[in-house]
Structures are given as structure tokens and as C-alpha cells.
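Given next are the chains, with one letter for each unit.
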Amino acid sequence: MEEKTLAAMQKEVDTYIQQFKTGYFSPLAQMARLTEEVGELAREVNHYYGEKPKKIEEEPKTVAEELGDVLFVTLIMANSMDINLTKIFDQNMEKFNQRDRFRFERKDGKGANE
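A brief structural summary. (Residues numbered from 1 in each chain as written. Predicted model: local features only at pLDDT ≥ 70, side-chain atom pairs only at ≥ 80, totals over all residues. Heavy atoms only, no water.)

Before going further, it helps to examine a nonpolar patch on the surface. Among the surface-exposed residues, V45, Y48 and Y49 lie close enough to one another that they form a single nonpolar patch of about 350 Å² accessible area. Topologically, Y48 is positioned in helix α2 (residues 27–49). (Patch = residues over 30% accessible without salt bridge, like charges linked within 9 Å, V, L, I, M, F, W, Y side chains within 5 Å. Areas by Shrake-Rupley, 256 points an atom, 1.4 Å probe, with all protein chains shown as cover. Salt bridge = Lys/Arg side-chain N within 4 Å of Asp/Glu carboxyl O. Helix = DSSP H or I, 4+ residues; strand = E, 2+ residues; numbered from the N terminus.)

What follows is the structure, given as C-alpha cells:
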């Protein structure tokens, strides 16, 4: 399977949403859904890596599935607000590469004074 760009994913999600009369939900409704999906992701992480095992009757899900749901809702939210995720990703990486380049101990041994 060929890897997709963020732009291609945003377009695919928009095509999916546009087939429905409802279209995009309000930003507040999307935020509620994103929060719900992040909660489900947290639950799965807790089951796999934490101290809380799944109940026998609970439906099996994976961290990857829940991350996919978070990504899907994030793409929907970005589309509805006309946010180009590729552009904002590049801006954020530039910010993190400047602001946080010496925040953690580096493998190359470089420090803030160099």
C-alpha cells in the first residue's frame, strides 16, 4: 500500500464527508468527538501498558485502531476549519526544532552552549 500525504488524507476524508447531507458537524461537536476518541485511546493504552486489564466481555480493540480514530476525527476537524495540516505540521516542527532542540539530552552530545 502506497503511503499517503496529509493533504491526500484530508482530501479523502472530505470526499467521504461530502457524500452526506449533514456534512461537517460544528467545531464543538467535533471537539467532543475528538475528546471521546482520545479517551478510548487512553483506555486501550491502559489495558495494554497499564495496570488495568480488559474485562473478559470487552470487545478487543488495539491502540493502533484508536489512534486511527483520533487521526480521522483530527482530519475532519481540520477540514471543517479550513486548516492545512501539512502546513501547520511544518510550522510546528520548525518551532519544536528551535525551541526544544536542547530540551532533552541529545544522542549527539550537543548542548545549548554550542
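To continue, consider the packing of α2 against helix α3 (residues 63–80). Where α2 contacts α3, the axes come no closer than 9 Å and their chain directions differ by 165°. The orientation of α2 relative to α3 falls into the category roughly antiparallel. In this structure, the crossing between α2 and α3 has a hand that is left-handed. Residue classes in the contact of α2 with α3 are distributed as 15 nonpolar, three polar and six charged. (Axes fitted to C-alpha atoms, helices over the stretch in contact; angles between N-to-C directions. Parallel < 35°, antiparallel > 145°, perpendicular 65-115°, else oblique. Left-handed = near helix turned anticlockwise from the far one by under 90°. Nonpolar A, V, L, I, M, F, W, Y, C, P; charged D, E, K, R; others polar.)

Look at helix α1 (residues 6–18): 18 Å from first C-alpha to last across 13 residues, which is about the 18 Å you get at 1.5 Å a residue. Turning to α1, its buried residues are Q10, V13 and I17. Projected down its long axis, α1 shows its buried positions confined to an angular sector of 65°, all on one face. Elements in contact with the buried residues of α1: α3 and α4 (85–99). (Expected span 1.5 Å × (residues − 1). Buried < 20%, exposed > 50% of the residue type's maximum accessible area, 1.4 Å probe, protein only. Arc of directions from axis to C-beta. Contact = heavy atoms within 4.5 Å.)

With that out of the way, let us pick up the environment of V13. If you trace the backbone, V13 turns up in helix α1. Considered as a pair, V13 and N79 are 66 residues apart in the sequence and their alpha carbons are 8.3 Å apart. When sequence neighbours within four positions are dropped, the list of residues in contact with V13 reads Y24, F72, L75, I76 and N79.

Another point: unusual backbone geometry. Across residues other than glycine, the phi torsion is negative in most instances, and most of the peptide bonds are trans. For D82, which is not glycine, the phi dihedral falls at a positive 55°. In this fold, D82 is placed in the loop between α3 and α4.

In this section: the environment of D90. With respect to the element layout, D90 can be found in helix α4. With relative accessibility at 46%, the residue D90 sits in the partly exposed group. Between the C-alpha atom of D90 and that of R106, which follows or precedes it by 16 residues, the distance is 22 Å.

Our next topic: the environment of E37. Tracing the backbone through its elements, the reader meets E37 in helix α2. On the basis of relative accessible area, E37 is assigned to the buried category, the value being 8%. The spatial distance from the C-alpha of E37 to the C-alpha of D14 is 19 Å, given a sequence separation of 23 residues. Those residues in contact with E37, other than ones at most four positions away along the chain, are E66, D69, V70 and V73.

What follows concerns the side chain of H47. Structurally, the position occupied by H47 is in helix α2. Assessed through its relative accessible area of 11%, H47 is described here as buried. If we ignore the near neighbours within four places in the chain, the residues touching H47 are K52, P53, K54 and E58.

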